[in-house]
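# Summary of structural features
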Amino acid sequence: MAVSAFEFEKPIAELEELLGALRAPEKRAEAEAQGIDLDEAIATLEGQLRQAMRQVYGHLTPWEKTLMARHKDRPYSLDMIRLIFDDYMEISGDRLCANDEAIVAGFAHLAGMPLAVTGQQKGRDLKERQRRNFGSARAEGFRKALRVAQLAARFGKPVVSFVDTAGAAADLRAEQHGVSEAIARNLAAFSVLPVPTVAVVIGEGGSGGAIALGVADRVLMLEHAIYSVIAPEGCAAILWHDKAKAAEAADALRLTAQSALDLGLIDEVVCEPLGGAHRDPAAAAAAVREALERHLAEISAMDRQELLDRRYRRLRSFGVFGAVAPGGDASAEGE
Amino acid sequence: MAAGWFGRRSKAKAMESVPEGIATKCGGCGEIVFAKDLDRNMQVCLKCGHHHRLSARARLAITVDEESFVEFDLDLAPGDPLTFPDYLAKQSAAEARSGLRDAMVTGVATIDGLPVSIGVADFAFMGGSMGSVVGEKVARAMERGVEKRLPVVIFSASGGARMQEGLVALMQMAKTSAAVARLQAAGLPFISVLTDPTTGGVFASYASLGDLILSEPGAIVGFAGRRVGNQDLGTHLPANFQTSEFQLEHGMVDRIVPRKDMRPTLAYLLSFLSPEETHGR
Ligand SMILES: [Zn+2]
C-alpha cells in the first residue's frame, strides 16, 4: 500500500507521483538540457501538494476518518509508548490463566515521572496480528490492564491508557472466560482508581472493548481517531441490511473526534501531522506527549478526593434527554 | 455491543397466524398455547417451561409486594443527541408499543416486606437498549440505594447499548458501572437479574457487576449477539452458547431461577445481604 492509497487521497497521490518522478536524478539532466528550472517546478508542486493535503485532510468525512483510524501504518500503542516515554518495562499476565497480547501493559517514565501504561496492540504483520488477535482483547487482557493499573495506584502512580481496537473479542473463549464481566469490572474499577488517569484514543475506539480502557479523568482523541458504539459496517447492516452503506452509517454515528468533543464526551482533540499520524509517527507522538504532560500536571495537582468526585460527576453528566411532556406526570420524587 | 434486536420480526410473524390475545405460538416448544394459561402461569409455557418475555409492569406485579411500588423519574424522556435517522419515529413507535417513555422503569418497593431500590427493563421499548434514559435511571437507582440505604435489584432485558445514541449510549456503560461501584463502596448490595435477552453493552456493564447475579432459565445472555457469534465461529459452538446456563457453567451467574421462584429467592438473598439482624423476619 502506498502512503496515499485511499480514494480520497487520489489528488495527493498524483502530485506525489509527479514529484517523485521529477526528483529522479536523470530528470535533472533532462530538464537542464531543455532549459527548465527543475527546482522551481518542484517547489511549485510541493506548494500544490501542501495545499491539496490541507484541503483533503482538513475535510475528511467520518468514513474517511474511519479508514485513517484503521490505516495499517498508523502508530499503534507500542509505537506511541516507544516514542513518548523515556523507557518502558512490560508486565504480563492476568494471574488467572493467560497473558493476552491484545493488550500491553507496563511501567514507564514521562519526562522522569513514573506511571503505568496500558493499551490495545494491533499487529503489524500477519503473524503478530494473529498473536495479538488483531488488538481485540479477551477477558484476560482487560484483567491484565486492571491488575497493572491497580498496582500502580497502590503506589500512587498515574495511569495512561491508549485505546486502539476494533472491539473486544466475541468468540467462544472470550465468552467462556467472561469478557463482559472483565469489561464491566474495568469500567467500575477505573471509575474509582485513586490516582490521576488519562486515556488517549489513538486509532479505533471500538465499542465496549475500547471503553474498557477509556474511563479516565481526561480523555483525549487524536484528530483522525474514531470512537463509536458500533462499527459503521455493523450499523449499516442493522439499519439498511447493507454493509456497503458503511459511509452513511459513519455519518449517522458521528464517530469522529470532533463530534465527540462537540458532544462533551472527550476533553481535547490532539492534532495530527498533516496527512495523518502514519506519515510522521514521531510528530504525532510529540503532540500526544505534550497533551499528556499538560493534562497530567493539571490533574496531579488536584486533591485525591476532588479528583474522584470530578471523575464521577463527569461520567454522571453523560446523557441527552428529551423535553418533559407538558402537564405530564411529574416524578414522584420527593428528594 | 450495540443492540440490533434481531429475531423480533420472525416471532411477530409466527404470531400473526393466531388470533391475537387468545392464543400464541410458544417460542420454546412451538405449540399453540392459550393466552389465559400463560397469564395464569407468569407467561411461562405449561407444556415446555419456556419463559416468555414480560413487560416491566408485569414483572413488577409478580416481583414486589402489592401496592408497594413507587415509581421515580417518570419525567425522563429520550433525546436525539446525534439527530440519528428515524430515531424520533422509533421512539414514538416504541412508546406506543410499550406504553413507556423508554426501556427502564425504576422506583422503590418492598419484596416480602424488605425495601429495595428496583429497576426493570422492558424489551418492548427498542429491544430494551440502553441509551441516556436507561443509563440515567440505572445510575439514579444506584444513587437512591446509597441515599436511602437500600439494596438495589435490577432486572435487565436488553440487546445492548442503543445504536441511535452512538457514543453517548456507549458512555452509559461507564456511567452505570461507576454508580454500581459507589453503591458497593457504600456497603450496599446489588442483585442483578438477567432475563431474556441480556447482551452487549448491558451485559458488559452494570448487569455483570451484581454482588449476586441471577438469571431466568433459557435466557440469551452473552457479549455479542448469538448470530454474530455464529458467523465468527462457524459451527463449533456448544448448544447452550450464550444462554444463562452457559454463563452459570462458566462462573458468570450465581443461580438459574425459574420465574415462580424469583420472588422468594430475592427475598431470601435480600434478607441475607441486609446488615441488620434478620431473625424471625
Ligand atoms: Zn412451550
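Residues numbered from 1 in each chain as written. Chains lettered and ligands numbered in written order. Predicted model: local features only at pLDDT ≥ 70, side-chain atom pairs only at ≥ 80, totals over all residues. Heavy atoms only, no water.

### Comments concerning the overall build of chain A
Helix and strand counts for chain A stand at 15 helices and eight strands. Referenced to the eigenvectors of the C-alpha coordinate spread, the extents of chain A come out at roughly 85 × 55 × 45 Å. Out of the 335 residues belonging to chain A, those deemed buried represent 54%. In chain A, of all internal contacts separated by at least 6 residues, the share reaching a separation of at least 24 is 72%. (Helix = DSSP H or I, 4+ residues; strand = E, 2+ residues; numbered from the N terminus. Buried < 20%, exposed > 50% of the residue type's maximum accessible area, 1.4 Å probe, protein only. Contact = heavy atoms within 4.5 Å.)

### Observations concerning unusual backbone geometry
All names here are of chain B. A cis amide bond, omega -15°, links D196 with the succeeding residue P197. Even without being a glycine, D86 presents a positive backbone phi close to 65°. For D86, the location among the structural elements is in the loop between β3 (70-72) and α4 (87-98). Look at D86 and you get exposed, because its relative accessible area is 57%.

### As for a nonpolar patch on the surface
All names here are of chain A. On the surface, a nonpolar cluster with roughly 380 Å² of combined accessible area is contributed by M89, F107, L151 and F155. In this structure, M89 sits in strand β1 (residues 87-91). Classification of M89 as exposed rests on a relative accessible area of 56%. (Patch = residues over 30% accessible without salt bridge, like charges linked within 9 Å, V, L, I, M, F, W, Y side chains within 5 Å. Areas by Shrake-Rupley, 256 points an atom, 1.4 Å probe, with all protein chains shown as cover. Salt bridge = Lys/Arg side-chain N within 4 Å of Asp/Glu carboxyl O.)

### A look at the nonpolar core
A:F85, A:F162, A:I183, A:L292 and B:Y206 are the most contacted members of the largest nonpolar core, which totals 136 residues. Examining the composition of this core, we find that twelve residues originate from one element, helix α6 (residues 166-185) of chain B, more than from any other. Among all residues touching A:F85, those that are not within four sequence positions of it are A:M80, A:A108, A:H109, A:L110, A:L115, A:V117, A:V160, A:F162 and A:L292. Within the second largest apolar cluster, 23 residues are counted, among which are B:V153, B:M262, B:L266 and B:A267. (Core = buried A, V, L, I, M, F, W, Y, C linked by side-chain atoms within 4.5 Å.)

### Some points on the coordination of the zinc ion
In ideal tetrahedral geometry, four donors around a metal make angles of 109.5 degrees, whereas ideal octahedral geometry with six donors gives angles of 90 or 180 degrees. Residues and elements named next belong to chain B. The protein atoms donating to the zinc ion are C26 (SG), C29 (SG), C45 (SG) and C48 (SG), with metal-donor distances spanning 2.3 to 2.4 Å. For the zinc ion, the four donor atoms in the first shell make angles of 106 to 113° at the metal, a pattern classed as tetrahedral. Motif for the zinc ion, donor spacing along one chain: C-x2-C-x15-C-x2-C. In this pair, C29 is assigned in the loop between β1 (23-25) and β2 (32-34) and C45 in the loop between α2 (35-40) and α3 (56-63), connecting sequence segments 16 residues apart. (Donors = N, O, S within 2.8 Å, 3.2 Å for Na, K, Ca; no water. Tetrahedral: all angles 85-135°; square planar, octahedral: opposite > 155°, others 65-115°.)

### Some points on the pairing of strand β5 (residues 114-121) of chain B
Residues and elements named next belong to chain B. Most of β5 sits out of view: seven of its eight residues are buried. Bridge count between strand β4 (residues 104-111) and β5: eight bridges; the pairing is antiparallel. Across the sheet, the residue bridging to A109 is V116, located in β5. Hairpin geometry of β4 and β5 is characterised by an intervening segment of two residues between the two adjacent antiparallel strands and by a positive phi of about 55° at D112. In this region the chain leaves β5, passes through helix α5 (residues 132-148) and returns to the parallel neighbour strand β6 (residues 152-158); the handedness of that crossover is right-handed. (Pairing = 2+ DSSP bridges. Right-handed = clockwise from strand over helix to strand, strands pointing away.)

### Points about the environment of B:A96
For B:A96, the position within the fold is in helix α4. When the C-alpha positions of B:A96 and B:A124 are compared, they lie 9.9 Å apart, and in sequence the two are 28 residues distant.

### Topic: the interface of chain B and chain A
On the chain A side, the residues contacting the 66 residues of chain B number 57 residues. Both sides of the chain B and chain A interface together cover about 5100 Å² of buried area, and 68% of this is carbon and sulfur. Counting every contact that joins chain B to chain A gives three salt bridges. The shortest N-O distance in the salt bridge between A:R316 and B:E143 comes to 2.6 Å. At the junction of chain B with chain A, the criterion picks out 15 residue pairs in polar contact (both at pLDDT 80 or more). (Buried area = accessible area lost by both parts, 1.4 Å probe. Polar contact = N/O pair within 3.5 Å; in protein donor to acceptor, adjacent residues only side chain to side chain.)

### Notes on α4(B)
Residues and elements named next belong to chain B. End to end, α4 covers 16 Å across twelve residues, agreeing with the expected 16 Å (1.5 Å per residue, within 8%). Here α4 has its buried residues at Y87, Q91, A94 and S98. Angularly, the buried residues of α4 cover 70° about the axis, an arc narrow enough to put them on a single face. A positive backbone phi angle near 70° is found at G99, which sits one or two residues after α4. (Expected span 1.5 Å × (residues − 1). Arc of directions from axis to C-beta.)

### Things to note about the side chain of B:T265
All names here are of chain B. Topologically, T265 is positioned in helix α10 (residues 259-272). Within polar-contact distance, the side chain of T265 engages the backbone oxygen of D261 at 2.6 Å. Residue contacts for T265: discarding those within four places in its chain leaves L214 and V257.

### With respect to the domain arrangement of chain B
Residue and element names in this part refer to chain B. Split by domain assignment, chain B resolves into domain 1 (1-52) and domain 2 (54-277). Contacts between the two partners involve eleven residues from domain 1 and, on the opposite side, 25 residues from domain 2. Together, the buried faces of domain 1 and domain 2 total about 1500 Å²; carbon and sulfur atoms form 67% of this surface. Run the count over domain 1 and domain 2 and you get zero salt bridges. (Domains from an automatic or database assignment.)

### Points about the packing of aromatic side chains
Geometry of an aromatic ring pair is reported as the spacing of the ring centres plus the angle between the planes. Taken as a whole and assessed by the stated rule, the structure comprises three aromatic pairs over all chains. Measuring from ring centre to ring centre gives 5.4 Å for A:F6 and A:F8, while their planes differ by 20°; the resulting arrangement is stacked. On the basis of relative accessible area, A:F6 is assigned to the buried category, the value being 14%. We note B:R53 situated over the ring of B:F123; from NZ or CZ to the ring centre the distance is 4.0 Å. Its guanidinium or amino end placed over the ring of A:Y312, B:R182 lies 4.1 Å from that ring's centre, counting from NZ or CZ. (Phe/Tyr/Trp six-rings, centres within 6.5 Å; stacked < 30°, edge-to-face > 60°. Lys NZ or Arg CZ within 6 Å of the ring centre and 35° of its normal.)

### A short note on the pairing of strand β6 (residues 218-222) of chain A
All names here are of chain A. Of all five residues in β6, five are buried, a share of seventy percent or more. Where burial is concerned, the two faces of β6 agree: the one with R218, L220 and L222 and the one with V219 and M221 are both buried. Direction of pairing for strand β5 (residues 197-206) relative to β6: parallel, over a ladder of four bridges. Across the sheet, the residue bridging to A199 is V219, located in β6. Here β6 pairs with strand β8 (residues 268-270) via three bridges, running parallel. From the neighbouring strand, M221 faces β8, where its bridge partner is V269.

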